[in-house]
Amino acid sequence: MKGRSFLLALVAVAMVLLTLALGFWWAMARQSPLRIMDRSLELPRAARFMPSDAALTLHWLVDPRQVPAYAQAVAPVRQRRVVNESTRQLRDGVFALAGLDFETELAGWIGPEVSFALLDAPAQQSGEQPKEGWVLALSSRDQDGAKRFLQRFWQTRSLAGTDLQISRYRGMGLISGRGALLGRDPQPIATALIDDDLLLLASGRGVLEQALDVSQLESQHQLGDPVLASDLQSFGRGAAVLIANPAAMDRWLGVPSVITAREDLQGLVAALTPQGSDLALDAVVHFREPRIPVVSQMTDSHALLRDAGGDAETVALLTNPAALLAADANEPLAQWIAPLLRQSLESVPTGAAAAVVGLDEGPMLWQQGPQGWVLGTRPNRPDPDMVDGKLQQLGLTGSTLDSEGQSVQVWTRLARQRRRGEESLQAELAVALERHAGVNWWAETLDGLRRRGESGDLIQRQQQLQELDSASQSALAQQLAFAAASSRSHLGQWRPWELVQGVAGRSLLPAVKGLSIAAGADHNAVSVQDERVSSLRLRARLQLG
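Quick look at the structure, then.

Basis of the calculations
- Residues numbered from 1 in each chain as written.
- Predicted model: local features only at pLDDT ≥ 70, side-chain atom pairs only at ≥ 80, totals over all residues.
- Heavy atoms only, no water.
- Helix = DSSP H or I, 4+ residues; strand = E, 2+ residues; numbered from the N terminus.
- Buried < 20%, exposed > 50% of the residue type's maximum accessible area, 1.4 Å probe, protein only.
- Contact = heavy atoms within 4.5 Å.
- Areas by Shrake-Rupley, 256 points an atom, 1.4 Å probe, with all protein chains shown as cover.
- Core = buried A, V, L, I, M, F, W, Y, C linked by side-chain atoms within 4.5 Å.
- Polar contact = N/O pair within 3.5 Å; in protein donor to acceptor, adjacent residues only side chain to side chain.
- Axes fitted to C-alpha atoms, helices over the stretch in contact; angles between N-to-C directions.
- Left-handed = near helix turned anticlockwise from the far one by under 90°.
- Salt bridge = Lys/Arg side-chain N within 4 Å of Asp/Glu carboxyl O.
- Parallel < 35°, antiparallel > 145°, perpendicular 65-115°, else oblique.
- Nonpolar A, V, L, I, M, F, W, Y, C, P; charged D, E, K, R; others polar.

What to know about the overall build of the chain
Link 1 in the chain: Scanning the chain from terminus to terminus reveals 18 helices and 22 strands.
Link 2 in the chain: When burial is assessed residue by residue, the chain has 45% of its 545 residues classed as buried.
Link 3 in the chain: Taking the contacts inside the chain whose residues are at least 6 apart along the sequence as the reference set, 65% of them involve residues at least 24 apart.
Link 4 in the chain: Of the roughly 27,600 Å² that the chain leaves accessible, carbon and sulfur atoms contribute 52%.

Structural notes on the side chain of Q543
Link 1 in the chain: Topologically, Q543 is positioned in strand β22 (residues 535-544).
Link 2 in the chain: What makes Q543 buried here is its relative accessible area of 19%.
Link 3 in the chain: Each residue touching Q543, except ones within four places of it in the same chain, is listed here: D278, Q464, E467, A511, V512, K513 and G514.

Describing the environment of Q464
Link 1 in the chain: For Q464, the position within the fold is in helix α16 (residues 458-470).
Link 2 in the chain: Residue class for Q464 comes out buried when judged on its relative accessible area of 2%.
Link 3 in the chain: Among residues more than four places away in sequence, those in contact with Q464 are A481, F482, G514, L515, S516 and Q543.

Section: the nonpolar core
Link 1 in the chain: Among the nonpolar cores identified, the biggest contains 78 residues, and L100, L106, L138, L201, W373 and W442 are the most heavily contacted of them.
Link 2 in the chain: With near-sequence residues (within four places) excluded, L138 lies in contact with F95, L100, L106, W109, I110, E113, V114, D197, L198, L199 and L201.
Link 3 in the chain: Formed by 19 residues, the second largest nonpolar core is a distinct cluster that contains V135, A190, L208 and A211.

Describing the side chain of T57
Link 1 in the chain: Mapped onto the fold, T57 is located in strand β1 (residues 56-60).
Link 2 in the chain: The buried category is assigned to T57, whose relative accessible area is 0%.
Link 3 in the chain: A polar atom in the side chain of T57 sits 2.9 Å from the side chain of Q222.
Link 4 in the chain: Sequence-distant contacts of T57, that is, excluding residues within four places in its chain, are made with M50, F116, A117, Q222, V241, L242 and I243.

Focus on the packing of helix α13 (residues 352-359) against helix α14 (residues 384-393)
Link 1 in the chain: Interhelical geometry of α13 versus α14 gives an angle of 145° and a closest axis separation of 10 Å. Once α13 is placed against α14, the crossing between them reads as right-handed. Of the residues in α14, those in contact with A352, A355, V356 and L359 of α13 are M386, V387, K390 and L391.

What about the pattern of salt bridges?
Link 1 in the chain: Applying the stated criterion across every chain yields a total of 19 salt bridges.
Link 2 in the chain: Note that D278 is salt-bridged to R541, the shortest N-O span being 3.0 Å. Taken together, the residues span a long stretch of sequence, with D278 in strand β10 (residues 278-287) and R541 in strand β22 at a distance of 263 residues. Accessibility classification places D278 together with R541 in one group, the buried group.
Link 3 in the chain: Several salt bridges converge on common partners, so that one network encompasses R88, R91, D92 and E103.

Description of the packing of helix α2 (residues 67-74) against helix α3 (residues 80-96)
Link 1 in the chain: At a minimum axis separation of 8 Å, α2 and α3 run at an interaxial angle of 150°. Classified by the angle their axes make, α2 and α3 are roughly antiparallel. Both α2 and α3 take part in a crossing whose hand is right-handed. In this structure, α2 contributes V67, P68, A69, A71, Q72 and A73 to the contact, and α3 contributes R80, V83, N84, T87, R88 and R91.
Link 2 in the chain: Of the residues assigned to the contact of α2 with α3, the class counts are six nonpolar, three polar and three charged.

Just distances and angles here, no functional claims.
Now the structure itself:
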């Protein structure tokens, strides 16, 4: 009997200790910086004050105080201190653009939700043209933090010579003034405190009044936009939401003008999600008319990728390259991808690659590596006779060559060679074709064909595309993967990247390890009878390390 009592007591103590341990672990896990990005994607309360027609809006949904700690936790051990400092500088630089010092003015009270919008402010005087304005919404962790900030904020500006105006609008207390902020030229600024825990700052009283006006009408603010809510539901999870109209897509996001100039373009909605040390983007671009074709050939495309090998700085899976390159293509996806594809084709002086790609209805695999380009197509697509005729027009001659026991069809061009004062003619290879049971392989060099059967860094490009698809239920029609060097080259010319580096005060390109992009019809907008939809889906994943 005593033994049974002892065992019961021992079990009870063990259960208590286990419960305490689990509780301690749960509390520590919830405070871990790795959990700050793990949340469902939904608009914050501040979206009620952001107009639906704002040019550009960013909703940041995680605690900005913990962002440097998160970046440090996912960075390689040797780089953690540098990554923490770089992230801290970038965060502080963003708030400095609004004249705010994060460490001294915000860190003690700011909450996990920050919203920012660029919009057209109303004219301040009769006959004056509308000016671009901005609204910044900061959540507070407690009801006293925002109040204390406002007191210090306006006291500091008043001592700097700012004339304050205090009034009420729609039942809210407004404070506005014009003064020097952090050594800058005098700029108008206005503030309002909502329910003691949401602070609105704006570039002038008129802009702030506009934000308060739209909050009263559900049809005019972002929180009441059903299309926006549907987009966020399709994204699932994320750390930030970006919304842009066509003008902002052109000016701030660097979207090609051939897209932003389209009259049927409505705008873009995107979700940003840190995934370990990588940064993932999921976006929807809306058009008024169904322009984007729905295709279902990605199974064949990935079969081509599985049979590929060798080295590749760039890999592309293209559903219908001939349609992308068509001169009369008016489909948004073709207009977006075709310039990049043509740029790659024009870099091949013989024109052989363009002849094959321009005739192929897909799917096609393109890989570019040290041995030149390699294309994978389905058997008899494109038609061999049509390709031969096109290559002959380019001055190339077809023949058959035995290479390591395989019959290879080649197209060559005679070129004049001069050695030791003597001239001779030599056949230069332009394109080689090797046929297999399920795939035709076209290559710029014989080395490219030989390396195709070996392992190489193409495996890394395959992993990039797999990671891009892993978070979604459906693959997109066109997919691209870039190694570090080509990723840095493309990002270095992208306007948003230049802006981010300007805020950070340093080059961020050395941290880039790879980039993958996918685009196609938005399958969330597809019904059984649809052949075209009005929403373009974009996904991207930036590898950092």
